[in-house]
Structure formats: C-alpha cells, structure tokens
Amino acid sequence: MVGDWKTDGTTAPKEMILITQSVKELKLLMSDYVGIVRNNERLHRAMKRLDLLYTETEALYQKTIVSPQLCELRNMITVAYLIVKCAEFRHESRGLHFNTDYPGKQEMIQNIVL
Amino acid sequence: MQTDFLVIGSGIAGLTYALKVAEACPDKKVTVLTKTQSDETNTKYAQGGIAGVMDFDKDSFDKHIEDTLIAGDGLCNRHVVEIVVKEGVERIEEIIEWGANFDKEKDGDFKLGKEGGHSESRILHHKDVTGREMERALLEAISRKKNIDLMHHCFVLDIITQHHLGYLITKATPDVECYGVYVLNLQTNKTEKILSKITMLASGGNGQVYRSTTNPAIATGDGVAMVYRAKGRIENMEFIQFHPTALYEPGIRGHNFLITEAVRGDGGILRNQAGEAFMERYDERKDLAPRDIVARAIDNEMKIAGTENVFLDCRHFSKEKFTEHFPNIYEKCLSIGIDITKHMIPVTPAAHYSCGGIKTDEHGRTSIKNLYAAGECASTGLHGANRLASNSLLEAMVFAHRAYIDAVAKLKRLKTLPSGELWWETGKQMAPPHPKK
Ligand SMILES: Cc1cc2nc3c(=O)[nH]c(=O)nc-3n(C[C@H](O)[C@H](O)[C@H](O)COP(=O)(O)OP(=O)(O)OC[C@H]3O[C@@H](n4cnc5c(N)ncnc54)[C@H](O)[C@@H]3O)c2cc1C
C-alpha cells in the first residue's frame, strides 16, 4: 500500500511570522507587478522575488510539521509562479492579459500550457 | 481509509459531481473533503447569478455562444462553448429540482437579469445572493444522500501518484496515475491518506495570491499547485479577472468588500491621490467607460503615484439617495470610519476570477489518469482570455456532469488500487519539484 505521511525529523514552526510575512510579500509583489497592467520589467522582478520566497519556503517546509498556513503559502507561491510564467510566455495583449511591451495581438492563437 | 469516489471541494462543482455519482452508484461510497466549513467556498459569494438561455423567443443558443466568444477575445474553444451553452440549460433545471430558488416574475416566469457583455437578459438570480442559495440547496441535497460522507476541516496536502511509490515522475512520464490524496485532518491534527480509484479536484480559485481580492480566504489555488507538483498540465494562468473597485482595507485576511460599478453609474467619480478626477484623461465617457478601460486607468494612476488605492468620490450624493440605492455600502463604509457624505471611499482593483487552471478535456479529465477537475480550478477552454459574467457557475455544473458520466463508466473498468511491496514510506520527504523544472 501507499506509505503514510512521514513526519520524522520535523518540528512545529517556531515562529508564525516566517509564514505570515512571506504571504504578505507574495500578495504585494503580485498586486504591484503582476496586476492589471504588466510589462517585461515588472514580470522579471516578480520572478526574482518569487524565487527567493520559493527557496525560503521549501527550506521551512522540509523541517517543519505541515500546517495549512504553510501549505497554503507554498501553494500560493506555485500559483504565482505559474501566473508569471504564463504571462512571460504570452508576447501579446489579449483579453485580461495586458503587457505594455506587447500592446498588440499576435495572429497565432496560442494556449500556454506548463 | 479507502473510498470509491473522492471529491476535493464543496463548492458548486464538487457537490454537483458528488450528488450525481452518489445517485448513480448507491452502493458506492462518495467522500467529499473541504478545508474549512462546508459552505466556505467561492460559490457562496457569487452575487450576480447564472447565465442560461431561458427565453427562446428573444434569446438563442447562438447569441449566448457569440457573446462568450467575443468576451474570450479569440481564445475560446468553440466546441466547448457550444457544449456549455447547450447543456447548461438542463443543468440549471436540475439544480432547481434539487431545491434552489431563483427569483420569478408575478406570472411565474424567471426574472432574467442582464449583465455586461450579454446581448440579452439571461441571468437567473436569487436576489443578490445567488451563490449562497445554490450552495444551500446543494448541501441540503447532499445531506439526504446516505452514501456521501462530507468531511469538513480536512486540508488536502498532495495527490498521490506513482511518485509516492518511489518512481521518478517527470513532465515527460506518460500515464501518471492518481491513487488518492494525503490530507491533514484539522480536527485530529493527524495526516491521513485517503485512497480512491477516482478523484475529482474541485478546489476553486486563487484570488488570495493578490493583496486585494473578492475571493474568500480558502481561495489559495491548492488544486492547481498540487497538480503542477504531480507533473500535470496547467494552462493559461495569466488570465486573472480583476474587479476594478473593491473597498481598500489594508491588512484584512479574506475578501475585500465590493463597491458595485453601479455607484459610478449613479454619478460616483474616481479621483487619484491628488484629488484629480482622472478618468477624463483616459476616455471621453469618463467614469462610465467600459470596465477594462477603467481598471487599466486605475492601475496606471496607482503605478504613477506608487500607491495602493485611488478614491471614489460620492460626497456630492445626498445621504438619502445613497442609502436608498446602496444601503450595504453605506453601512460597510461607516463601520470602518468612512462617512461617504464627508470622506472619499478608498478603492482598489481586486482579483476576482481565474480563467486558466488545470487543463481538462471535454469530459473533465486532467492529464493525470483517474483525476478529474471541474469548476474554477479547471481550464476547459470555455473562457478563453476573458470570462463572460455569470458563465462560471454554469461551466462548473456542466463539467461536473460530464465528469460524472465518464467516471461512473470508468469505475467499472478500473482494476483495484495498486498494492505490493514497493511502497515508499513517505509523503513529504520526497524532494518537491522545483518550479523552474
Ligand atoms: C464575490 C464573487 C462573486 C461572484 N459572482 C459570480 C456570479 O455572479 N456568477 C458566476 O457564474 N460566478 C460568480 N463568481 C465566480 C464563482 O462563484 C466561482 O467561480 C465558483 O463558485 C467556483 O466554484 P468551485 O466549485 O469551482 O469552487 P469553490 O466554490 O471555491 O469551492 C472550492 C472548494 O474547494 C475546497 N478546497 C480548496 N482547497 C482545498 C484543500 N487543499 N483541501 C481541501 N479542500 C479544499 C474548499 O474548501 C471549497 O470547498 C463569483 C465569485 C466571487 C468571489
């Protein structure tokens, strides 16, 4: 059968602030850089910051007992990454995606799949 | 624990699917997991209503299809749009049979609302709390089904695949299979595994990724992240719909209060930090310009000034007129110290709906075997690059139904769950996939 969830070597998080501060940072960077109007510079900056949040959060995840707060943070970082990555791949402005570096529409219709 | 049909999410998509499989297979066990209270879902907060062609004298399938395609800006899958529009009517009839009430005219016909982007009146609604009514009806229908076990406060951590049996799974691995989920039971604080031959992911949206959102605190995109970790396909995540004017309240957890666009319709004026009525610089229709233009103008003003909000000025309204039309907005503002006759209302765009998500086919199947997805977490091809208002509840029901038909047929064919020696004693210890790979 499938193995049980393993908790060996993990402890409860000592400080919630490690999680809540990262959630705040994530929300701010997404709203400020990946909101309604986007451009390449903002997307690039968002990705750099997400990378740091990702590295810190994975390290925390490996050594602490899982909690919904930590898992949600981890999931939100992944989702933010996917939003930015898809936005970077789309070299046009279409529908809800508006990038001032590519204000027009491309002729080729393209779904971005990651 | 083992179950026959596992469902993650108790919103409209998850509950519709659960009811249908439970009805079709009375001897099978259906387990529904939800991470907080059973009714805490995006579904509960839907206000406007659900779109469906009801009045065939004035309206037609073709018009609804055309409206959806125009909103989607060239990116909709036409075949899927046709499926949702045509099958949607039957699904609406079903939820009415299950007990949902929609507002009616005196003569017994449904009151049909009209929303932005719709060429005809076709929005069924229950006052301005349609989602709450649908959620209530579904939960009641669920409670009458003996073979459905609704487990609340069960936080799903990850879906179980061959990865958890010790195999190396990459994006290129064909035939990744889902065997169930690991879940953190918040009542016992224990991590359990729930095995199931067939799993449905109906985990909703991801508005919480943004500072301001209309989505409740549960909307953290867990399902999309889990499928991505399991090497499933995710599509078109860049298309996030924003509501241009939500009440700006720094630091709140959960959702921002919506200031309906009707306030601008009645004469509310948008102003920037300097007090300038900026909309006249963007469009000759000023504050009544289309939603996209207003949203971009607000965004631009905030970016230029480096601030987190602009203002909606209603100081010129008489208190009587404002409280008559917008009693809830008046009360809400007052509760945070804003008297709209004296102060401007701080507003900010709020993340509202995620058009993309887990890529599914026309039967709700994901790229991972025996794993379905429906509702806001799925990307079916209906919305394309922008969602037509009130199409999302419809989409959730249509694809819950299609997945149910496929899943019931599949269950008969499926072998038993894998068992054997090769079990990796881990859930968590496996290296998590780096998002860069
Ligand atoms: C304010 C507002 C107004 C809206 N108005 C309309 C409208 O008028 N018309 C329209 O068509 N649409 C509207 N929408 C959109 C619509 O409400 C949603 O798209 C739809 O309800 C999504 O339903 P769902 O079943 O996919 O997900 P949800 O209803 O969000 O349900 C998600 C479920 O998944 C569960 N879940 C998530 N993660 C986990 C996890 N890790 N473990 C366990 N359980 C989990 C949650 O607990 C929840 O039960 C509106 C949305 C909002 C926020």
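Bear in mind that the values here come from a model prediction, so they are computed numbers and not experimental data.

About the criteria used
Residues numbered from 1 in each chain as written. Chains lettered and ligands numbered in written order. Predicted model: local features only at pLDDT ≥ 70, side-chain atom pairs only at ≥ 80, totals over all residues. Heavy atoms only, no water. Pairing = 2+ DSSP bridges. Helix = DSSP H or I, 4+ residues; strand = E, 2+ residues; numbered from the N terminus. Axes fitted to C-alpha atoms, helices over the stretch in contact; angles between N-to-C directions. Contact = heavy atoms within 4.5 Å. Salt bridge = Lys/Arg side-chain N within 4 Å of Asp/Glu carboxyl O. Buried < 20%, exposed > 50% of the residue type's maximum accessible area, 1.4 Å probe, protein only. Core = buried A, V, L, I, M, F, W, Y, C linked by side-chain atoms within 4.5 Å. Domains from an automatic or database assignment. Phe/Tyr/Trp six-rings, centres within 6.5 Å; stacked < 30°, edge-to-face > 60°. pLDDT = per-residue confidence, 0-100. Near = heavy atom within 4 Å. Polar contact = N/O pair within 3.5 Å; in protein donor to acceptor, adjacent residues only side chain to side chain. Areas by Shrake-Rupley, 256 points an atom, 1.4 Å probe, with all protein chains shown as cover. Buried area = accessible area lost by both parts, 1.4 Å probe. Nonpolar A, V, L, I, M, F, W, Y, C, P; charged D, E, K, R; others polar.

> How do you make sense of the sheet that holds strand S11 (residues 269–271) of chain B when you look at a structure like this?
All names here are of chain B. Ordered by their spatial adjacency, four strands build an open sheet running S10-S13-S12-S11, and the pairing between neighbours is antiparallel. What marks the edges here is a single partner per strand, and that holds for strand S10 (240–247) and S11. Each neighbouring strand pair of the sheet contributes to a mean axis angle of 40°, computed without reference to strand direction. With three bridges joining them, S11 and strand S12 (residues 310–313) adopt antiparallel strand pairing. Counted as the bridge partner of Arg271 is Phe311 from S12. Most of the contacts of helix H8 (residues 291–305) go to S10, to which it runs at about 70°, and overall it touches S10, S11, S12 and strand S13 (345–354).

> It is not clear to me how the pattern of salt bridges should be interpreted in this structure. Could you clarify?
On inspection of all chains with the given rule, the structure shows 40 salt bridges over all chains. Put simply, Glu133 of chain B and Arg136 of chain B hold a salt bridge, and the shortest N to O gap is 2.7 Å. Of the two residues, Glu133 of chain B and Arg136 of chain B both sit in helix H5 (residues 130–143), three residues apart, roughly one turn of that helix. For Glu133 of chain B, a relative accessible area of 8% puts it in the buried group. Taking relative accessible area as the criterion, Arg136 of chain B reaches 31% and is therefore assigned partly exposed. Note that Asp283 of chain B and Arg285 of chain B form a salt bridge whose closest N and O atoms lie 3.0 Å from each other. When its relative accessible area of 11% is taken as the criterion, Asp283 of chain B is described as buried. Under the relative-accessibility criterion, Arg285 of chain B is labelled partly exposed at 48%. Here the salt bridges do not stand alone but share partners, grouping Arg90, Glu92 and Arg94 of chain A together with Glu238 of chain B into one network.

> I tried to follow the nonpolar core on my own but got confused; where do I start?
In a soluble, globular protein the nonpolar side chains are often hidden away together inside. In terms of nonpolar packing, the biggest core is built from 76 residues, with Met30, Val34 and Leu50 of chain A together with Tyr210 of chain B touching the most fellow members. Broken down by element, this core gets its largest block of residues, 13 residues, from helix H3 (residues 68–89) of chain A. Counting only domains with at least three residues in this core, you end up with domain 1 (2–238 + 355–413) and domain 2 (240–352) of chain B. Aside from chain neighbours lying at most four places away, what touches Leu50 of chain A is Leu26, Leu29, Ile77, Ala80, Tyr81 and Val84 of chain A. Counting residues in hydrophobic clusters, the runner-up holds 53 residues, among them Leu15, Leu19, Leu139 and Phe399 of chain B.

> What is the right way to read the packing of aromatic side chains from this model?
Given two aromatic rings, their pairing is described by the distance between the two centres and the angle made by the two planes. All names here are of chain B. The full count for this structure, using the stated rule, is seven aromatic pairs over all chains. Their ring planes at 90° and their centres at 5.4 Å tell us that Phe56 and Phe61 sit as a pair that is edge-to-face. The interplanar angle of 85° and the centroid separation of 5.5 Å between the aromatic rings of Phe317 and Phe322 together place this pair among those described as edge-to-face. With relative accessibility at 1%, the residue Phe322 sits in the buried group.

> What is the right way to look at the confidence of the model for chain B in this model?
Low pLDDT marks stretches whose predicted atomic positions should not be read closely. Taken over all residues, the pLDDT of chain B has a mean of 91, while the share at 70 or more is 95%. Every residue in residues 420–437 of chain B scores below 50 in pLDDT, and together they form 54 contacts with partners more than four places removed in sequence or on other chains.

> Explain the pairing of strand S7 (residues 180–185) of chain B to me, please; I cannot follow it from the model alone.
When a strand is regular, its side chains alternate between the sheet's two faces. Residues and elements named next belong to chain B. Most of S7 sits out of view: six of its six residues are buried. Here six bridges tie strand S6 (residues 154–160) to S7, and the two strands are oriented antiparallel to one another. Pairing of Phe155 across the sheet is with Leu184, part of S7. The pairing of S7 with strand S8 (residues 190–201) spans six bridges and is classified as antiparallel. Opposite Gly180, over in S8, you have Leu195 as the bridge partner.

> Looking at this structure, how should I read the site of the ligand?
Residue and element names in this part refer to chain B. Of all residues adjacent to the ligand, which total 38 residues, the nearest are Thr43, Gly49, Asp222, Glu376 and Ser392. Ser10 is positioned with one of its backbone polar atoms (N or O) 2.8 Å from an oxygen atom of the ligand. Here a nitrogen atom of the ligand and a side-chain polar atom of Ser392 are 2.7 Å apart. Burial of the ligand by the protein chains amounts to 97% of its free accessible area of 1,000 Å². The set of elements that each furnish at least two residues to the shell around the ligand consists of helix H1 (12–24), helix H2 (42–45), S6, helix H6 (222–229), S13 and helix H11 (392–413).

> So what exactly am I meant to see when it comes to the domain arrangement of chain B here?
When the parts of a complex come together, some accessible area is lost, and that lost area is often used as the size of the interface. Residue and element names in this part refer to chain B. Parsing chain B into structural domains produces domain 1 (2–238 + 355–413) and domain 2 (240–352). Domain 1 puts 18 residues into the contact, and the matching count from domain 2 is 17 residues. Contact between domain 1 and domain 2 buries roughly 1,600 Å² in total, counting both sides, with carbon and sulfur atoms accounting for 44%. Contact with domain 2 buries area across many residues of domain 1, yet Arg211, Ser212 and Thr214 alone supply 35% of it, more than any other trio. Applying the counting criterion to the domain 1 and domain 2 interface returns one salt bridge. Of the charged contacts in the structure, one is a salt bridge between Arg211 and Glu308, with a shortest N-O distance of 3.8 Å. Where domain 1 meets domain 2, there are nine residue pairs in polar contact (both at pLDDT 80 or more). Class assignment for the residues of the side of domain 1 that touches domain 2 results in five nonpolar, nine polar and four charged.

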